[in-house]
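Per-entry structural report
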Amino acid sequence: PRHLGLDREDYFANKGLSYCAICDAPLFAQKVVAVVGGGNSAVEAAIDLSKTSKHVYLVHRSQFRADKPLMDKLYSLENVEIFLGYEVKELIGDVSLEEIMIKSNQSDTEKKLEVGGLFIEIGLIPNSQLVQGRVKTNDLNEVIVDHQKKTSVEGLYAIGDVSTSEKQIIVAASDGALAALAANNYINQMKGEQNGKTI
C-alpha cells in the first residue's frame, strides 16, 4: 500500500490505521472514521464504511477521480462528510490513533478531527523491481499477464498484487493455481520437445 509518509504512520498501523477498508471495516463498527484518497478505492471504502460506522470523513487533496456512479452514491450518504482540497498533516494519539490534523491546500485552515480509525486508500506500489525491464508492465508498474497468468516472457508467470489482477487474497490464490497449471503444461511441453515427442 502507498503510504502518506507522515511521522508515526508505522507506529499507528494496526492501532487505528489501516490500508484495507474491505478487510478491517468490521473492527470500526459504530466508530467515527476517516478515509484518505480520491479514486475508486477510497470512495468505495467510504461507501462501505458508511454502512457500519457512525460517521465517515473523506479527505482528498484534489479532484475526485472515482467513477460517476460511485460519486453519485457517495453524495447521497448522510453520514459521510467530505473535505476536498485537504491533506492529512498529522496523526495524533498515545497508544492508538485518536485524532488527525488536516490542512486546506487553498489556505492555512487546519482542522482537528477525532477519529477511531483512519483508512489510507491512495493506491498500491507493486513490488515488481525484480522483473522491471525484463517483462512488459503497465503505467503502474504492474506485470501484465493473460488469463493463464503468462507474462511477456515465455515460461515466466506472475500472480497476485504484482500483476494486473484484482488485489484480493482470494484472487491471488486462484492466480497461483492457474499459473501452476500453466507452468506445469509448459514444462511438460518443453520436455516433450526435448525428447522429440509430446508427453
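Let me sum up the structure you'll find in this document. (Residues numbered from 1 in each chain as written. Predicted model: local features only at pLDDT ≥ 70, side-chain atom pairs only at ≥ 80, totals over all residues. Heavy atoms only, no water.)

Focus: the pairing of strand S6 (residues 99-104)
Consecutive side chains along a regular strand alternate between the two faces of the sheet. To keep it simple, the criterion reads: The classification of residues rests on relative accessible area computed with a 1.4 Å probe and restricted to protein chains. Under 20% of the type maximum is buried, over 50% is exposed, and intermediate values are partly exposed. What counts as a helix is a DSSP run of H or I of at least four residues, what counts as a strand is a run of E of at least two, and both are numbered from the N terminus. A pair of strands is considered paired only if DSSP assigns at least 2 bridges between the two.
Burial runs high along S6: 5 of the 6 residues are buried. Inspection of the sheet shows strand S5 (residues 86-92) paired to S6 by 6 bridges, in the antiparallel sense. Across the sheet, the residue bridging to Val88 is Ile102, located in S6. Between S5 and S6, which pair antiparallel in sequence order, lie 6 residues. The pairing of S6 with strand S7 (residues 110-114) spans 5 bridges and is classified as antiparallel. Within S7, the position partnered with Ile102 by the bridge is Lys111.

Digging into the side chain of Asp175
Here is the rule we go by: By the criterion applied in these results, polar contacts are pairs of N or O atoms within 3.5 Å in which, for protein atoms, one can donate a hydrogen and the other can accept it, and in which residues neighboring in sequence qualify only through two side-chain atoms. Residues count as neighbours in contact if any of their non-hydrogen atoms are within 4.5 Å of one another.
For Asp175, the position within the fold is in helix H5 (residues 169-194). Reaching out from Asp175, the side chain makes a polar contact with the side chain of Lys149 at a distance of 3.2 Å. Once you skip the residues sitting within four places of it in the chain, Asp175 turns out to touch Lys149, Ile159, Gly160, Ser163 and Ser165.

Examining the side chain of Glu121
Rule in force here: Here Asp and Glu are counted as negative and Lys and Arg as positive; His is not counted, and neither are the chain ends. The term salt bridge refers to a pairing of a side-chain nitrogen on Lys or Arg with a carboxyl oxygen on Asp or Glu at a separation within 4 Å.
Here Glu121 is to be found in the loop between strand S8 (117-120) and H5. Put simply, Glu121 is tucked away with no salt bridge, and the nearest opposite charge, on Arg65, sits 10.0 Å away. A polar side-chain atom of Glu121 sits 3.0 Å from the main-chain amide nitrogen of Ala21. When near neighbours in sequence (up to four residues on either side) are disregarded, Glu121 contacts Tyr19, Cys20, Ala21, Val35, Val36, Gly37, Ser41, Ala42 and Ala45.

As for the pairing of strand S2 (residues 32-36)
Where we set the bar: Crossovers are marked right-handed if the path from the first strand over the helix to the second runs clockwise, as seen with the strands pointing away from the viewer.
The buried fraction of S2 amounts to 4 of the 5 residues, a majority that puts the element mostly inside the structure. Here S2 pairs with strand S3 (residues 55-60) via 5 bridges, running parallel. Bridging from a neighbouring strand, Val32 pairs with His55 of S3. Crossover S2 to S3 through helix H3 (residues 40-50) is right-handed.

Details of the state of the cysteines
What counts, and what does not: In this description, the term disulfide denotes a pair of cysteine sulfurs within 2.5 Å.
Counted according to the given criterion, the structure contains 1 disulfide. Each sulfur in the disulfide pair Cys20 and Cys23 lies 2.0 Å from the other. For the disulfide bridge between Cys20 and Cys23, the dihedral angle about the S-S bond is near 65°, and by the sign convention the bridge is right-handed. A residue is classified by how much of its surface remains accessible, and Cys20, at 22% relative accessible area, is partly exposed. Judged by its relative accessible area of 47%, Cys23 falls in the partly exposed class.

Examining the sheet that holds S2
The strand order across the open sheet formed by 5 strands is S1-S8-S2-S3-S4, and the pairing between neighbours is parallel. With one partner strand each, in any of the chains shown, strand S1 (17-18) and strand S4 (80-84) form the two edges of the open sheet. Sheet topology note: the S2/S8 ladder contains 4 bridges and is parallel. Looking across to S8, one finds that Ala34 is bridged to Leu118.

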